[in-house]
Amino acid sequence: MSGGPAVRVSIESTCEKQVQEVALDGTETYVPPLSMSQNLAKLAQRIDFSQGSDSEEEAIEGEPRDREWTKPEPEEEEGTVKFQPSLWPWDSVRNNLRSALTEMCVLHDVLSVVKEKKYMALDPVSQDPTAGKTPQVFQLISKKKSLGTAAQLLLKGAEKLSKSVAENQENRRQRDFNSELLRLRSQWKLRKVGDKILGDLSYRSAGSLFPHHGTFEVLKNTDIDLDKKLPEDYCPLDVQIPSDLDGSAYIKKQAPDIGDLGTVALFRRPPKTKAGTQQWHVKLEAAQNVLLCKEIFAQLSREAVQIKSQIPHIVVKNQIISQPFPGLQLSISLCHSTGEKKTHRASPEKPKPDDHLYVLEHNLHQMMREFHKQQLSSVVMPHPASAPFGHKRMRLAGPMAYDKAEIFSLQHNEGLLEKIIKQAKHIFLRSRTARTIDSLASRIEDPQIQAHWSNINDVYESSVKVLITSQGYEQICKSIQLQLNIGVEQIRVVHRDGRVVTLSHQEQELQDFLLSQMSQHQVHAVQQLAKVMGWHVLSFSNHVGLGPVESIGNASAVTVASPNGEYAISVRNGPESGCKVLVQFPRSQTKELPKSDVIQDAKWSHLRGPSKEVHWSRMEGRNFVYKMELLMAALTPCP
């Protein structure tokens, strides 16, 4: 065989592991072998603990159990490990009783060893007699050391806690500062210059040319102590404003002769702080108010010097003096207070709630905004592009052939001071008109005068409706209705029939006009009453040319006759002379008439005779119309 060719023999070992699964590609998956603990548990399942008993019945019963155990189990062939199931219902009870017996035997052995000295002797351990008698000094020292150690631990812990709280507060303050800075930036204009944050209070972005820089600086509030509790009004952000803008300022407009207008303080109302408003916001608003007041007063002073008027304006320090009307002096002054003490000394009296004119303040704001807008859009680009620069109306001056007056009117623009003076004139004229109407209404009871002021008015024009009536006869006597349009320098009166009368700013002129209208009302009332009572109107005139001459207006007269024509009543009423009433009786009732040779026919006896004056003050009645009604009723014949 050594000379023959070698033959290779393939020997394949037997499969020691069972195949669990064969994949589609031929790969075989084997069951993993049992571990030592699993193998021990498998062998322990084969042990029968009942074989050691002397009972024959148990031996007899054990044989079939051995037979059952010796039978090959299909589960073992498969390689899976499963514990032995209970063979009979009392198996668990038997196991528990057996373990309890074992423990009792062990306990019995331990007790017998302890009780009987023959097994084991327990000797006590000797102690040092000096160790139990420790002096109190050493006990106190040991307690002190232990307490000191505990205190050091507590102090170290408290220090760490305080440091962490301080760091948290510092981080919180930093976050609060950033949030407040964000709120400040959303409301005010800010910029960063180097390591500083600066803001702008001026109105340059709106078109203001006031030279004041109006710059404020944003600071971080570090005056608060971190160890103490933070106050409720604490703000991590603070602002520093210029010293000349510190405090409060207002514009004072004073005209002693205006009456109820009195002293007008613009921008002086106390600031109403809303809930949650920060201190920096209030401070910046006050500083911007001071800057606005200074800008307004500077503009007014500049215009006061430049405007050419009949009575020149006077500028003295922080005060501008002007005379809108003869005898009326208008004073505009700038009041600036930087401290509470100075404020109390300068104005010891508390300002009244009616001392502030919100309409005038609103108009002043509006005029300043218009002025700023003109500065921004002063240059208008030409349309078309070939046209020259300038206002659109000025470009039309050539094609439209404007004269010098029209061109001057196009070039002239009213300044801020002129508008304020015009408003002051209008307010003065309106207050004087109201005062005149109120004085007449309180002084004269018959007829009654009523004034209905319009709530919607213009800056330079107001309107009031004046009604002259008699008490109890409002539906009959309503012929006098006047519409007074109060302008800047004159009053325009519109009658019910459309007639227009223009009055000047003099108070006496308006008073005389209203008195003449009240006098005419009485005559108109007699005319309307005669129509209701059935009497005939013979004559009527608003301007009588006979009799004494009235210093105020003209007298008016009316003559009415009874329904049967026997009686006649003549009424003459003047603004100054008063009322005069004459009654003409029939000739037949007059006994004092002399006999005439000319009048022989009896038909002439039916004519009315001479007139007799009525003592009007002795007549009963609450007013003139009521007395006239009683007189007409007395002279009216019974049907």
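Coordinates for the structure precede this section.
Rules used in this analysis
- Residues numbered from 1 in each chain as written.
- Predicted model: local features only at pLDDT ≥ 70, side-chain atom pairs only at ≥ 80, totals over all residues.
- Heavy atoms only, no water.
- Helix = DSSP H or I, 4+ residues; strand = E, 2+ residues; numbered from the N terminus.
- Buried < 20%, exposed > 50% of the residue type's maximum accessible area, 1.4 Å probe, protein only.
- Contact = heavy atoms within 4.5 Å.
- Areas by Shrake-Rupley, 256 points an atom, 1.4 Å probe, with all protein chains shown as cover.
- Pairing = 2+ DSSP bridges.
- Axes fitted to C-alpha atoms, helices over the stretch in contact; angles between N-to-C directions.
- Salt bridge = Lys/Arg side-chain N within 4 Å of Asp/Glu carboxyl O.
- Expected span 1.5 Å × (residues − 1).
- Arc of directions from axis to C-beta.

J.: When you look at the overall build of the chain in this model, what are you seeing that I'm missing?
T.: Regarding its fold elements, the chain presents 15 helices and 21 strands. Considering the chain as a whole, with its 639 residues, one finds that 29% of them fall into the buried category. Within the chain, residue pairs in contact and separated by at least 24 positions form 55% of the contacts whose partners lie at least 6 positions apart. Split by element, the accessible area of the chain, about 44600 Å² in all, is 55% carbon and sulfur.

J.: What should I look at first to understand the sheet that holds strand β5 (residues 215–220) in this one?
T.: Hydrogen bonds along the backbone pair up the strands of a sheet, which may run parallel or antiparallel. Taken together, the 4 strands give an open sheet; going across it, the order is β3-β4-β5-β6, and neighbouring strands pair in antiparallel fashion. Both edges of this open sheet fall to β3 (189–193) and β6 (237–240), since each of them pairs with a single strand only. Ignoring which end each strand starts from, the neighbouring axes of this sheet average 35 degrees apart. Here β5 pairs with β6 via 4 bridges, running antiparallel. By the bridge assignment for β6, E217 is matched with Q240.

J.: Please explain the pattern of salt bridges as it appears in this structure.
T.: Pairing between side chains of opposite charge can happen when the charged atoms of each approach one another. Tallied over the entire structure, the rule returns 8 salt bridges. The residue D200 makes a salt bridge to R204 at a minimum N-O spacing of 3.5 Å. Look at R204 and you get partly exposed, because its relative accessible area is 39%. When the shortest N-O distance is used, the salt bridge between K425 and E489 registers 2.9 Å. Taken together, the residues K425 in helix α13 (residues 416–443) and E489 in the loop between β14 (481–486) and β15 (491–494) connect sequence positions 64 residues apart.

J.: Hey, could you run me through helix α15 (residues 624–635) in this one?
T.: Taking 1.5 Å as the rise per residue, α15 with 12 residues should run 16 Å; its terminal C-alpha atoms sit 17 Å apart, in good agreement. Buried within α15 we find F624, V625, K627, M628, L631, M632 and L635. In an axial view of α15, the angular spread of the buried residues amounts to 160 degrees, which keeps them on one side of the axis. On its buried face, α15 is in contact with α14 (507–533), β18 (556–561), β19 (568–574) and β20 (578–586).

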